[in-house]
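Listed here are the chains, written in short residue letters.
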Amino acid sequence: PKQVFDEPLQTDTLTPLTMPTVFEDSDGMIVEYYWFFEGGVNLDGSGMTLTSDFSSTESIEQTPQVGWLEPGMKNVTLEVTDDDGNTSVAILQVQVLNQRPVAVFARPLDGEVDTSYTFVSESFDPDGDTALLQTIWEISDLDDPVYNVSSVSHTFLEPGLYTVSLTVIDERGLSSATKSYSIRIVNPLPVPELESVSYTHLRAHETPEQIRWFRQL
């Protein structure tokens with residue numbers, strides 16, 4: 001069999017990669033495929049999570065779907081046999097990339113000055129330990145970021161349009177895209193003061209019922 005594919009491959013962790021057609025047999029057909037995956041893989045094809053089984057090292061499928069748990073350069077060996085009994089071997093390299101963590105927090109509601117707001121990270125690492133994520137909070141009226149806290153509370157002292165941003169970094173040093181929201185802060189509405197009517201100042205011909213009627217007009 002003749003090798004027709006020798007290019008490097010690339011995928012993300014926990015993401016199935018369909019192996020390519022590597023050999024062709026011009027005077028017959030390939031009847032046996034033997035794939036060997038160094039270090040172990042998952043061959044389920046979809047739905048991979050951190051708790052999936054990544055212990056498989058062999059497959060006899062023609063183009064198996066393969067997933068890796070850990071990032072890095074992986075070696076894959078394929079041996080094929082044609083209908084005449086001839087064999088060929090190829091070694092492919094797969095670059096498995098670390099998935100970026102995802103920065104998540106709830107969109108804040110617009111509000112008023114002198115009110116405490118709490119922003120809570122709901123970020124996650126799809127291929128790592130979410131508990132180990134580093135957090136970087138940035139609030140536009142603060143001079144410095146707030147580091148490595150899952151939630152941050154802040155009071156805006158002046159009306160205006162502010163930006164709240166969150167970036168997270170996973171245990172391998174890869175940063176998420178920054179998640180940002182805008183929040184509009186206004187002064188509270190003034191509270192009107194109503195004057196009370198004292199019945200002690202009624203004129204002789206006015207009754208309390210008449211005063212109440214006049215106030216309703």
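Everything discussed here concerns the structure shown above.
Structure report, in brief. All values reported here derive from a predicted model rather than from experimental measurement.

Inspection of every chain in the model, using the stated rule, returns six aromatic pairs. Taking the centre distance of 4.6 Å and the plane angle of 40 degrees together, the rings of Phe-156 and Tyr-162 count as tilted. Relative accessible area serves as the criterion here: at 0%, Phe-156 is assigned to the buried category. Through pairs of rings, three or more aromatic residues link up here, namely Phe-105, Phe-119, Trp-137 and Tyr-181.

The next subject is the pairing of strand S8 (residues 72–82). As judged from the seven bridges shared by strand S5 (residues 30–41) and S8, these two strands associate in the antiparallel manner. The partner of Phe-36 across the bridge, within S8, is Thr-77. In this structure, S8 lies alongside strand S9 (residues 87–97), joined through 10 bridges in antiparallel fashion. Bridging across to S9, Leu-78 finds its partner in Ala-90.

Definitions and limits used
- Residues numbered from 1 in each chain as written.
- Predicted model: local features only at pLDDT ≥ 70, side-chain atom pairs only at ≥ 80, totals over all residues.
- Heavy atoms only, no water.
- Phe/Tyr/Trp six-rings, centres within 6.5 Å; stacked < 30°, edge-to-face > 60°.
- Buried < 20%, exposed > 50% of the residue type's maximum accessible area, 1.4 Å probe, protein only.
- Pairing = 2+ DSSP bridges.
- Helix = DSSP H or I, 4+ residues; strand = E, 2+ residues; numbered from the N terminus.

It is worth stressing that arrangement in space is one thing and function is another; only the former is reported here.
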